[in-house]
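Structure at a glance
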Amino acid sequence: MDSVSAASKRVYEPLPPDVQATVVPLFHNNEPFVKTFLSTLLPESDHHGIDDTLRKSFPLACLGRRQRKSKLRRAKGSLSLTERRRLGLYQLRRHGSKYIDSLPIHELWLQYISSLISLPEIEKSGFTAKPSDKQWGQVTLALYRADYHGAELEVTRSKCSSLRGIRGIVLMDTKNMFKVICRDNVIRSVPKSPCVFSLNFKGYTCTIFGKYFCTRPAERSVKKVKGHCPSDL
């Protein structure tokens, strides 16, 4: 063990002065030393190019690798997607909320949807909520692009029998889900694709096919709508 420890100590000992005299200048870019060293290695036919090579400078070689700084592209004060998920902004607990607390949001949504489709104006022009009306395309497009946070929906048809009859106010509208709070103060997640929803406002009843709403609200608000929808077989 003593011999091993003695050998390890010798590894960290400084080099002898005569060795340092030949090695240290090499790391300080000593031009005479480099020129002499290259002259001894290269053939005489290449000696004329040593001076030209030593005159070249490589400024980027001294900079080294710079650490890339992450650019904050989001607005000042806004939260990133990871931060929003960490804070639980995309999660709703099944229990702990009350249906009565969401009624003011529903009242705001009724005012919002009425102004969105310009309901008072189209009623004055003779709107009867029939496909033959001139305003039919305007109203259906507005309903498709509308934000349904605060709307009260009811599942009238579904491929899953346990989803039929669910009725509540929408608290979260995701790409594939409506998260609604029901009258029993329970938040339920209703998939859009297999369900048909009924929507009542201002004396009108609308039927919404969930499979055509499988997009995020922000994307749906600017999405182009086809002139016709294929029917189910």
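Whatever comes next refers back to the structure up there.
Residues numbered from 1 in each chain as written. Predicted model: local features only at pLDDT ≥ 70, side-chain atom pairs only at ≥ 80, totals over all residues. Heavy atoms only, no water.

**As for helix α9 (residues 136-145)**
Val-139, Ala-142, Leu-143 and Tyr-144 are the residues of α9 that are buried. Where the residues of α9 are buried, they touch α7 (103-116), α8 (119-124), β5 (195-201), β6 (204-209) and α10 (217-220). (Buried < 20%, exposed > 50% of the residue type's maximum accessible area, 1.4 Å probe, protein only. Helix = DSSP H or I, 4+ residues; strand = E, 2+ residues; numbered from the N terminus. Contact = heavy atoms within 4.5 Å.)

**A few points about the sheet that holds β5**
Two pairing modes exist for strands in a sheet, parallel and antiparallel, and in both the strands are linked by backbone hydrogen bonds. Spatial ordering of the open sheet is given by β4-β3-β2-β1-β5-β6, a layout of six strands whose pairing is antiparallel. The two strands at the open ends of the sheet, each matched to only one other strand, are β4 (187-191) and β6. When strand polarity is set aside, the average angle formed by the axes of neighbouring strands in this sheet is 40 degrees. For β5 and β6, the ladder comprises six bridges, and the chain directions are antiparallel. Looking across to β6, one finds that Phe-201 is bridged to Tyr-204. (Pairing = 2+ DSSP bridges. Axes fitted to C-alpha atoms, helices over the stretch in contact; angles between N-to-C directions.)

**Regarding the environment of Leu-163**
As for its position among the elements, Leu-163 is in the loop between β1 (152-158) and β2 (167-173). By relative accessible area, which is 11% here, Leu-163 ends up buried. Here the alpha-carbon distance between Leu-163 and Pro-191, two residues 28 residues apart in the chain, equals 9.0 Å. The contact partners of Leu-163, leaving out residues within four places of it in the chain, are Val-155, Ser-158, Pro-191 and Cys-195.

**Some remarks on the side chain of Ser-114**
Assignment of secondary structure puts Ser-114 in helix α7. For Ser-114, a relative accessible area of 13% gives the class buried. If near-sequence neighbours (up to four positions away) are discounted, Ser-114 is found in contact with Leu-119, Pro-120 and Lys-202.

**Re the side chain of Asp-133**
Counting through the fold element by element, Asp-133 comes out in the loop between α8 and α9. At 7.1 Å, Lys-130 is the nearest oppositely charged side chain to Asp-133, a buried residue that forms no salt bridge. Side-chain polar atoms of Asp-133 contact the backbone nitrogen of Ala-129, separated by 3.0 Å. Excluding its chain neighbours within four sequence positions, the residues that come into contact with Asp-133 are Gly-126, Phe-127 and Thr-128. (Lys, Arg positive; Asp, Glu negative; His and termini not counted. Salt bridge = Lys/Arg side-chain N within 4 Å of Asp/Glu carboxyl O. Polar contact = N/O pair within 3.5 Å; in protein donor to acceptor, adjacent residues only side chain to side chain.)

**Topic: the pattern of salt bridges**
The final tally for this structure, using the stated rule, is six salt bridges. Put simply, Arg-167 and Glu-152 hold a salt bridge, and the shortest N to O gap is 3.4 Å. With Arg-167 in strand β2 and Glu-152 in strand β1, this pair connects stretches of sequence that are 15 residues apart. When its relative accessible area of 12% is taken as the criterion, Glu-152 is described as buried. Across the salt bridge formed by Glu-152 and Arg-183, the nearest N and O atoms sit 3.5 Å from each other. Of this pair, Glu-152 sits in strand β1 while Arg-183 is found in the loop between β3 (177-182) and β4, placing the two residues 31 residues apart along the sequence. Arg-183 gets classed as exposed once you look at its relative accessible area, which sits at 58%. Several salt bridges converge on common partners, so that one network encompasses Glu-152, Arg-167 and Arg-183.

**A few points about the packing of aromatic side chains**
Summed over all chains, the structure comprises nine aromatic pairs. Considering the side-chain rings of Phe-127 and Tyr-204, the 6.1 Å spacing of their centres and the 45 degrees angle between planes classify their relative orientation as tilted. Pair noted here: Phe-127 is in the loop between α8 and α9 and Tyr-204 is in strand β6, with a separation of 77 residues, a long-range link. Judged by its relative accessible area of 10%, Phe-127 falls in the buried class. Judged by its relative accessible area of 18%, Tyr-204 falls in the buried class. Taking 5.3 Å as the distance between ring centres and 90 degrees as the angle between the ring planes, the aromatic pair formed by Phe-178 and Phe-197 counts as edge-to-face. Here Phe-178, found in strand β3, pairs with Phe-197, found in strand β5; they are 19 residues apart in sequence, far enough to count as distant. By relative accessible area, Phe-178 is classed as buried at 2%. On the accessibility criterion, Phe-197 (3% relative accessible area) is buried. Put simply, the rings of Trp-109, Phe-127, Tyr-144, Tyr-148, Phe-178, Phe-197, Phe-201, Tyr-204 and Phe-213 pair up and form one aromatic cluster. Directly above the aromatic system of Phe-178 lies the positively charged group of Lys-192, at a separation of 4.7 Å from the ring centroid. (Phe/Tyr/Trp six-rings, centres within 6.5 Å; stacked < 30°, edge-to-face > 60°. Lys NZ or Arg CZ within 6 Å of the ring centre and 35° of its normal.)

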